[in-house]
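Report on the structure
The chain contents come next:
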Amino acid sequence: MKKKRRYHANPIFMASSVLLCMVLLTTWMTFGLFARYTSDGGSTSSATVAVMASNVTVTLDNILLYPGIDYGPIEVTLTNEEDSAVCEVAQSYSFQVSQLTNDLPLTVTVYSDRNCTNNVADARQDVKGTFPAAEKQTATYYIKVTWDETKNAKAYASEIDYLQLSVTATQID
């Protein structure tokens, strides 16, 4: 007669099985619990782009230069407005007058007044300033070109020279 073998379960395996069942049961119960506490949210926003506006006006008449003559004042007007739109951000500006070829003995000077008494800069020096945000502003400068009468050699008769006005306007906020 054969003896029946009795099956004994491994206690570690049994504990692991019970623990797995409890984890599954707890997970199933908590999924239902968390589903009750969900919420939705939303928001909207809008932005506008600030207007960046600037304008430069230079007034020139017929230019005739020869030794001993002063030409000017040449009016340079800078503003933070363009087509009646005022710049909505603060601006810094700078400009410079350069004599490009230096073939003629000219002296170029920038003044802040029409009578050319308050010297602001000479040729190749920056004139700098700022405009506040959303407030219409204008800055006016005057350029005077002088040819010293003692520098009157005939060699200058066939020479030409160019003046260049470079203006930069930059948003600062």
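Now for a quick tour of the structure. (Residues numbered from 1 in each chain as written. Predicted model: local features only at pLDDT ≥ 70, side-chain atom pairs only at ≥ 80, totals over all residues. Heavy atoms only, no water.)

With an omega of 5°, the peptide bond between G72 and P73 qualifies as cis. Mapped onto the fold, P73 is located in strand 2 (residues 70–79). A positive phi angle is found at R124, which is not glycine, with a value near 65°. Topologically, R124 is positioned in the loop between strand 7 (119–122) and strand 8 (127–131). (Helix = DSSP H or I, 4+ residues; strand = E, 2+ residues; numbered from the N terminus.)

Pairing is antiparallel in the open sheet, where five strands are placed in the order 1-2-9-6-7. Each edge of the open sheet carries a strand with a single partner, namely strand 1 (55–59) and strand 7. Put simply, the sheet's adjacent strands are angled 25° from each other on average, direction ignored. One ladder, built from three bridges, connects strand 6 (residues 106–111) with strand 7; its direction is antiparallel. The partner of T109 across the bridge, within strand 7, is D122. (Pairing = 2+ DSSP bridges. Axes fitted to C-alpha atoms, helices over the stretch in contact; angles between N-to-C directions.)

Right, let's talk about the packing of aromatic side chains for a bit. Counted according to the given criterion, the structure contains four aromatic pairs. An aromatic cluster is built from Y93, F95, F131 and Y141, whose rings are joined through pairwise contacts. (Phe/Tyr/Trp six-rings, centres within 6.5 Å; stacked < 30°, edge-to-face > 60°.)

Here we come to the environment of K144. With respect to the helices, strands and loops of the structure, K144 is situated in strand 9 (residues 138–147). In the structure, K144 is positioned 35 residues away from T109 in sequence and 5.4 Å away in space, judged by C-alpha atoms. The contact partners of K144, leaving out residues within four places of it in the chain, are D70, Y71, T107, V108, T109, Y111 and C116. (Contact = heavy atoms within 4.5 Å.)

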